[in-house]
Amino acid sequence: LNGVRVQSLGAFGESLDAAVVDACLEATRCDVFFTIGTSAIVHPAAGLVDRAKRRGAITVEINPACTPASGGVDIVIAQPAELALPVIDERLSR
């Protein structure tokens, strides 16, 4: 997978570094946007998937639990990331 990858915005209640927020916003300029293992409740992270979708990205949620983002994404993979990501990686590597 090529592109901007943001591993984590941080823990709940922590201040966010401006450079990290900028990188997250830049990551919404993409063809495919993955939201993985987030509650999709706490902003600014919760708004990133919607921002990517408005910019034309295909949106994918990987989460075993339904979230507020689930109804608005293009693809929901209802599995833990540690199960879903290796399968996606293997299929994209073909």
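As shown above, the structure is provided for reference.
Nothing here was measured: the structure is a model prediction, and the numbers come from that model.

(A) Seen up close, the sheet that holds strand E2 (residues 58-62). In spatial order, the strands read E1-E2-E3; together these 3 strands make up an open sheet with parallel pairing. For this open sheet the edge positions go to strand E1 (32-36) and strand E3 (75-77), each flanked by a neighbour on one side alone. Across the sheet, the mean angle from the axis of one strand to that of its neighbour is 20 degrees, orientation sign disregarded. Sheet topology places E1 next to E2; 5 bridges connect them, and they run parallel. Directly across from Phe33, in E2, lies its bridge partner Thr59. Sheet strands touched by helix H3 (residues 81-92): E1, E2 and E3. Its angle to E2, the strand with the most contacts, is close to 135 degrees.

(B) Here's a closer look at the pattern of salt bridges. For the structure on display, the rule yields 3 salt bridges. Where Asp74 meets Lys53, a salt bridge forms, and the shortest distance between an N and an O atom there is 2.6 Å. Here Lys53 lies in helix H2 (residues 45-54) and Asp74 lies in the loop between E2 and E3, a separation of 21 residues in the sequence. Among the residues examined, Asp74 registers a relative accessible area of 42% and is labelled partly exposed.

(C) Local environment of the pairing of E2. Burial of E2 is extensive: 4 of the 5 residues sit out of reach of the surface. Viewed along the sheet, the connection from E1 through H2 into E2 turns out right-handed. Here E2 runs beside E3; their pairing, made up of 3 bridges, is parallel. Considered in E3, the bridge of Val60 is made with Ile75.

(D) View of the nonpolar core. Formed by Cys24, Phe33, Ala40, Leu48, Val49, Ala52, Ala57, Ala69 and Val73, the largest nonpolar core amounts to 9 residues. The element best represented in this core is H2, accounting for 3 residues. Aside from chain neighbours lying at most four places away, what touches Val73 is Val49, Thr59 and Glu61.

Here is what the cut-offs are and how they apply
Sequence order as written defines residue numbering, which begins from 1 separately in each chain. Where totals are concerned, whole chains, interfaces and linings use all residues; where local detail is concerned, this predicted model gives features only for residues with pLDDT of at least 70, and gives and counts side-chain atom pairs only at 80 or more. In computing side-chain values, all of the structure's heavy atoms are included and hydrogens and water are not. Pairing between strands is defined by DSSP: at least two bridges between them are needed. Starting at the N terminus, helices and strands are each numbered in turn, a helix being any DSSP run of H or I of at least four residues and a strand any DSSP run of E of at least two. The axes used here are C-alpha line fits, helices contributing only the stretch in contact, and every angle between their N-to-C directions lies in the interval 0 to 180 degrees. Contacts: residue pairs with any heavy atoms within 4.5 Å of one another. Whenever a carboxyl oxygen of Asp or Glu lies within 4 Å of a side-chain nitrogen of Lys or Arg, that contact is scored as a salt bridge. We call a residue buried when its accessible area falls under 20% of the maximum for its residue type, exposed when it is over 50%, and partly exposed in between, using a 1.4 Å probe and counting protein chains only. We call a crossover right-handed when, viewed with both strands directed away from the observer, the connection leading from the first strand over the helix to the second proceeds clockwise. In plain words, nonpolar cores are sets of buried Ala, Val, Leu, Ile, Met, Phe, Trp, Tyr and Cys residues tied together by side-chain atoms within 4.5 Å.

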